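Remarks on the overall topology
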Amino acid sequence: MSVFTPVTPDALDEWLSNYAIGHLIELRGISEGVQNSNFFVTTSLGRYVLTLFETLSHAELPFYLHLMAHLARHGLPVPAPIADLDNEYLGTLSGKPAALVRRLSGASDMSPNAARCTKVGTMMAGLHLAGQRFGRRQENPRGPEWRARTAQAVRPYLSADEQALLDAELAFQASIDVAALPSGAIHADLFRDNLLWDGDEVGGVIDFYFAGNDALLFDLAVTVNDWCADATGGLDPVRTRALLTGYHTERPLTDAEHAAWPAMLRAAALRFWLSRAEDFHLPRDGEMVLVKDPNEYRDILRQRIVAGDTLPWHD
Ligand SMILES: Nc1ncnc2c1ncn2[C@@H]1O[C@H](COP(=O)(O)OP(=O)(O)OP(=O)(O)O)[C@@H](O)[C@H]1O
Ligand SMILES: N[C@@H](CCO)C(=O)O
């Protein structure tokens, strides 16, 4: 399971004495997730999720935690971080930066229908509208600099064909004027497993730890690539239109965004091909790490290149 750093109930109970949420009743490691160590925590007052951050530092974390607090305050279904008695969202546990957030209800849906895709589009527009008013900013941590660095690190592990694909795509992406697109704080990883459904309502969006400032369309592309892919990696036109129409109704997409849509879908595919290839070829030490298949996103990238301008857009 993806618990890299263990926590003992005694240590957690003591840590909780600096919070106002009661004492520890139950601590349970969460097996999903590939980035951090996560635990369900039940106290005498309620249900929370504890995250120990494995790669992000104390200095980097306030951006994410304050973004979650900002979005929750704007009525979005995002887990509000819990402040300790010193009014801090961030502490240290088992030697790692650690934070508690509210546990949200619901479960992921890995086969969403078009109606659910519309709701995801609506909700993402809300995230973007509220996110554009967020006072802090940081560049997308998986933006162009990371992309170049990671491409260099994984390149030796790729076949000649894959290297050619990677080189061509990096050159293509460098030619795109992303700065011309509307931008703001984006989630940047809103896959199906990062959204919990409570009945047919969005119970919560989780895992904001890749958030940063970037083109809003890039976020939409990350989401569509995951939510609307068919079994072959192509985009299902009905679900794609549903998601984009749900979004466009709340934040109308511009002509520049329409023109950049195929390129953003490719940028989003490249981002996850690279991160998965890095996790696969250059793994960190950990107790049992879930590594997702890099080839899935290599093939999605290939598919988006072939589809070009024929990719579905909103109604
Ligand atoms: N606030 C929350 N409320 C309810 N469940 C949560 C919450 N946060 C996390 N979870 C559960 O924990 C699991 C793992 O969390 P998450 O996806 O954030 O893992 P991660 O390792 O931090 O990130 P990644 O998705 O990058 O692997 C989720 O699939 C979900 O089941
Ligand atoms: N959503 C990511 C996992 C890391 O957040 C992926 O599917 O590769």
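What counts and how
- Residues numbered from 1 in each chain as written.
- Chains lettered and ligands numbered in written order.
- Predicted model: local features only at pLDDT ≥ 70, side-chain atom pairs only at ≥ 80, totals over all residues.
- Heavy atoms only, no water.
- Helix = DSSP H or I, 4+ residues; strand = E, 2+ residues; numbered from the N terminus.
- Rg over C-alpha atoms; globule rule 2.2 N^0.38 Å.
- Buried < 20%, exposed > 50% of the residue type's maximum accessible area, 1.4 Å probe, protein only.
- Core = buried A, V, L, I, M, F, W, Y, C linked by side-chain atoms within 4.5 Å.
- Domains from an automatic or database assignment.
- Pairing = 2+ DSSP bridges.
- Axes fitted to C-alpha atoms, helices over the stretch in contact; angles between N-to-C directions.
- Phe/Tyr/Trp six-rings, centres within 6.5 Å; stacked < 30°, edge-to-face > 60°.
- Lys NZ or Arg CZ within 6 Å of the ring centre and 35° of its normal.
- Parallel < 35°, antiparallel > 145°, perpendicular 65-115°, else oblique.
- Left-handed = near helix turned anticlockwise from the far one by under 90°.
- Contact = heavy atoms within 4.5 Å.
- Nonpolar A, V, L, I, M, F, W, Y, C, P; charged D, E, K, R; others polar.
- Buried area = accessible area lost by both parts, 1.4 Å probe.
- Salt bridge = Lys/Arg side-chain N within 4 Å of Asp/Glu carboxyl O.

For the rest of this paragraph, the subject is the overall build of the chain. Summing up its helical and strand segments, the chain has 9 helices and 9 strands in all. The C-alpha radius of gyration computed for the chain amounts to 20 Å, which stays within 12% of the reference 20 Å derived for 315 residues, consistent with globular compactness. Its C-alpha atoms put the chain at 55 × 45 × 35 Å along the principal axes. When the 315 residues of the chain are sorted by exposure, 52% land in the buried category.

Within soluble globular proteins, side chains that are nonpolar tend to cluster in buried spots. Counting 77 residues, the largest nonpolar core has Leu-195, Tyr-209, Leu-217, Leu-220, Trp-227 and Trp-261 as its most contacted members. The leading source of residues in this core is helix H8 (residues 255–281), at 12 residues. Inspection of this core shows a minimum of three residues originating in each of domain 1 (9–102) and domain 2 (114–310). Residues Leu-12, Leu-52, Ile-82 and Ala-98 belong to the second largest nonpolar core, which totals 16 residues.

We now examine the environment of Ala-69. You can see Ala-69 is positioned in helix H2 (residues 61–73). Taking the C-alpha atoms as reference points, Ala-69 and Ala-164, 95 residues apart in sequence, are found 43 Å from one another.

Here the focus is the sheet that holds strand E1 (residues 24–29). Pairing between the strands of a sheet is mediated by backbone hydrogen bonds and can be parallel or antiparallel. Strand order in this open sheet of 5 strands is E1-E2-E3-E5-E4, and the pairing throughout is antiparallel. Strand pairing shows two members of the sheet lacking a second neighbour, E1 and strand E4 (91–93), which therefore form its edges. Within this sheet the neighbouring strands show an average axis-to-axis angle of 35 degrees, counted without direction. Relative to strand E3 (residues 47–52), strand E2 (residues 37–43) runs antiparallel, the two being bridged by 6 bridges. Within the sheet, the bridge partner assigned to Asn-38 lies in E3 and is Thr-51.

The next point concerns the packing of aromatic side chains. Using the criterion set out here, one finds 10 aromatic pairs in the structure. Here Tyr-64 and Tyr-209 contribute two aromatic rings whose centre-to-centre distance is 5.9 Å and whose plane-to-plane angle is 65 degrees, an arrangement assigned as edge-to-face. Of this pair, Tyr-64 sits in helix H2 while Tyr-209 sits in the loop between strand E8 (201–205) and strand E9 (212–215), and the two are 145 residues apart along the sequence. Here Tyr-209 falls in the buried class, since its relative accessible area comes to 8%. Taken together, Phe-53, Phe-63, Tyr-64, Phe-134 and Tyr-209 form an aromatic cluster joined through their ring pairs. Geometry around Phe-210 places Arg-271 over its ring, the cationic atom sitting 4.9 Å from the centre.

Contact geometry for H8 and helix H9 (residues 294–307): axes closest at 8 Å, N-to-C directions at 160 degrees. Our classification of the angle between H8 and H9 gives roughly antiparallel. Helix-helix and strand crossings are classified by hand; for H8 and H9 the assignment is left-handed. Facing H8, whose interface residues are Leu-265, Arg-266, Ala-269, Leu-270, Phe-272, Trp-273, Arg-276, Ala-277 and Phe-280, H9 presents Pro-294, Glu-296, Tyr-297, Arg-298, Ile-300, Leu-301, Arg-304 and Ile-305. Residues of the contact of H8 with H9, tallied by class, amount to 12 nonpolar, no polar and 5 charged.

Moving on: the domain arrangement of the chain. Under the domain assignment used here, the chain contains domain 1 (9–102) and domain 2 (114–310). The C-alpha-based centres of domain 1 and domain 2 are spaced at 26 Å. The partner domain 2 presents 26 residues to the 26 residues of domain 1 that form the contact. Together, the buried faces of domain 1 and domain 2 total about 2100 Å²; carbon and sulfur atoms form 70% of this surface.

Scanning the entire structure with this criterion turns up 17 salt bridges. Linking Lys-96 and Glu-54 is a salt bridge whose minimum nitrogen-to-oxygen distance equals 2.9 Å. Placement of the pair is Lys-96 in strand E5 (residues 96–102) and Glu-54 in the loop between E3 and H2, with a sequence separation of 42 residues. The exposure class assigned to Lys-96 is partly exposed, which follows from its relative accessible area of 23%.

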